[in-house]
Every structure is written in C-alpha cells, then in structure tokens.
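The residues making up each chain are set out below.
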Amino acid sequence: SLSLNEAIGQNQITAHTLLNIGNAYFSQADHARALDYFKRSLELSQKLGDGPAVSNAELGVSSVYALQGNHAAAIEAAERALAIGSQMQKPDLIWMSHNFIGQSQRALGNLDRARQSFINAIEVIEKMRTGVVGGEQEKQRFFEDKLAPYHSMIGLLLDAKSLDEALGYAERAKARTLLDVLSSGR
C-alpha cells in the first residue's frame, strides 16, 4: 500500500499508511522502526496541513519516547498533539493527549501535574459520553477504549495511599456504563 500510494502521489493516504505501519511496529515492540514511521508520517502530514494526522503522529512519537524513558520529549510531543486537538476541537485527540502527558508526568515524579492531566482526560471523556448516539450497546462500548485515564488515575492514587479516592475513580468508571444502561429504560 505504501509503495503504491507513494508512486501515484496519494500523500494523504501515504501519511496514514506510514502511521499504521508505525503502529504495527509499536505493537511488535520495535520502537526504533515505529519512531521512524511516526516521524515520516508526521513530516508528510505537516506538509499537507492535515491537523488530525499531525496530532496522531505526534501521539505515536510521544508513546515511543515514553517507552524509551525520554519523558520530557514525550510530553513535548503530546502537548503539540493537544494544541492541535484543542484548536480543531477533536475530543479524542484531547483526552488521549492529556492521558499521555499525565503518564509521562507521573514517570517524572510530577504527581500534581499528572493528576491534573488525568482529571482533564476524564472530564473530556465524560463530556463525550453524553453525545454518544445509538442504542444501549453503543453506549456501553463507548468506554471500552477510554479507560486508560481512569486506570492511570487509580494507579496514581493507590501509590499516594489515597485508597478511598482510588476506589471512587474505579466505581466512577463502572458507574458511567451502568448509568447509560439505566437511562435507556431497561
């Protein structure tokens, strides 16, 4: 796909393909190759002026830097993604960026900053939840890929020995799905 799209000049699809290849290498824990593809996708997306693609590539770069222990660079990349996501009003990019920033801040020992980033991510997710369309199953599935900030917050609170508050966040995540089910009248 990559070579064909490069050959015919489909730059937007090429940038997306580079990002997907980066994600595949990331999943295989080949972080050097993943970073290379994320950076190539980022460069091409910037040339195209494709904000969401730039933001997604920055999040890929951030995730690799975090795994490599370069948390300062991970935060910088995630903050660039956050700026784009905020400017374009893309809630998915906003909450993911906040979560990535929080994870790296936590790794650096900046627990107050990490906590605030997780709170920001959770607030965005909960605002998004109110706009989910569809039936009961769609509302339940909404949270399936959005639990990371809740888990990160719970881990942070457990480390700080704030057991009651950690339990509160754990219950909060479960309660959102239950609330959606109950509001559907079943």
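Residues numbered from 1 in each chain as written. Predicted model: local features only at pLDDT ≥ 70, side-chain atom pairs only at ≥ 80, totals over all residues. Heavy atoms only, no water.

1. Observations concerning the overall build of the chain
- Broken down by element type, the chain carries 10 helices and zero strands.
- Reading the secondary structure of the chain in the N-to-C direction produces α-α-α-α-α-α-α-α-α-α.
- Considered along the principal axes of its C-alpha atoms, the chain spans approximately 55 × 40 × 30 Å.
- Relative to its full complement of 186 residues, the chain shows a buried share of 43%.
- Within the chain, counting contacts between residues at least 6 apart in sequence, those at least 24 apart form 54% of the total. (Helix = DSSP H or I, 4+ residues; strand = E, 2+ residues; numbered from the N terminus. Buried < 20%, exposed > 50% of the residue type's maximum accessible area, 1.4 Å probe, protein only. Contact = heavy atoms within 4.5 Å.)

2. Examining the side chain of Glu126
- Position of Glu126 relative to the elements: it lies in helix 7 (residues 111-129).
- Accessibility expressed as a relative area gives 14% for Glu126, which makes it buried.
- Side-chain polar atoms of Glu126 contact the side chain of Tyr150, separated by 2.6 Å. (Polar contact = N/O pair within 3.5 Å; in protein donor to acceptor, adjacent residues only side chain to side chain.)

3. With respect to the nonpolar core
- Among the nonpolar cores identified, the biggest contains 25 residues, and Trp95, Ile125, Phe142, Tyr150, Met153 and Tyr169 are the most heavily contacted of them.
- Secondary structure elements with two or more residues in this core: helix 5 (71-88), helix 6 (91-107), helix 7, helix 9 (148-159) and helix 10 (163-183).
- Of the residues forming this core, the biggest block, eight residues, is contributed by helix 7.
- Leu18, Leu44, Val54 and Val61 belong to the second-largest nonpolar core, a separate cluster that totals 20 residues. (Core = buried A, V, L, I, M, F, W, Y, C linked by side-chain atoms within 4.5 Å.)

4. A look at the pattern of salt bridges
- Under the definition given, this model contains eight salt bridges.
- In this structure, Arg40 and Glu6 form a salt bridge, with 3.7 Å as the shortest nitrogen-oxygen distance. Of the two residues, Arg40 is situated in helix 3 (residues 31-48) and Glu6 in helix 1 (residues 2-8); the sequence distance between them amounts to 34 residues.
- Taking relative accessible area as the criterion, Glu6 reaches 41% and is therefore assigned partly exposed. (Salt bridge = Lys/Arg side-chain N within 4 Å of Asp/Glu carboxyl O.)

5. Some details on the packing of helix 4 (residues 51-67) against helix 6
- Where helix 4 meets helix 6, the axes come as close as 11 Å, and the angle between the chain directions of the two elements is 20 degrees. As the angle between them shows, helix 4 and helix 6 are arranged roughly parallel. The crossing of helix 4 and helix 6 is left-handed. Here helix 4 contributes Pro52, Ser55, Asn56, Leu59, Ser62, Ser63 and Ala66 to the contact with helix 6, which in turn contributes Leu93, Met96, Ser97, Phe100 and Ser104.
- In terms of residue class, the contact of helix 4 with helix 6 is built from six nonpolar, six polar and no charged. (Axes fitted to C-alpha atoms, helices over the stretch in contact; angles between N-to-C directions. Parallel < 35°, antiparallel > 145°, perpendicular 65-115°, else oblique. Left-handed = near helix turned anticlockwise from the far one by under 90°. Nonpolar A, V, L, I, M, F, W, Y, C, P; charged D, E, K, R; others polar.)

6. What to know about the environment of Leu156
- As for its position among the elements, Leu156 is in helix 9.
- On the basis of relative accessibility, which here comes to 5%, the residue Leu156 falls in the buried class.
- On a C-alpha basis, the gap between Leu156 and Ala114 in space is 8.3 Å, while along the polypeptide they are 42 residues apart.
- Aside from chain neighbours lying at most four places away, what touches Leu156 is Arg106, Leu111, Ala114, Arg115 and Phe118.

7. Some details on unusual backbone geometry
- Residue Ala29 is not a glycine yet carries a positive backbone phi of 65 degrees.
- The topology assignment puts Ala29 in the loop between helix 2 (11-27) and helix 3.
- Non-glycine residue Lys161 carries a positive phi angle of around 65 degrees.
- The residue Lys161 is located in the loop between helix 9 and helix 10 in this model.

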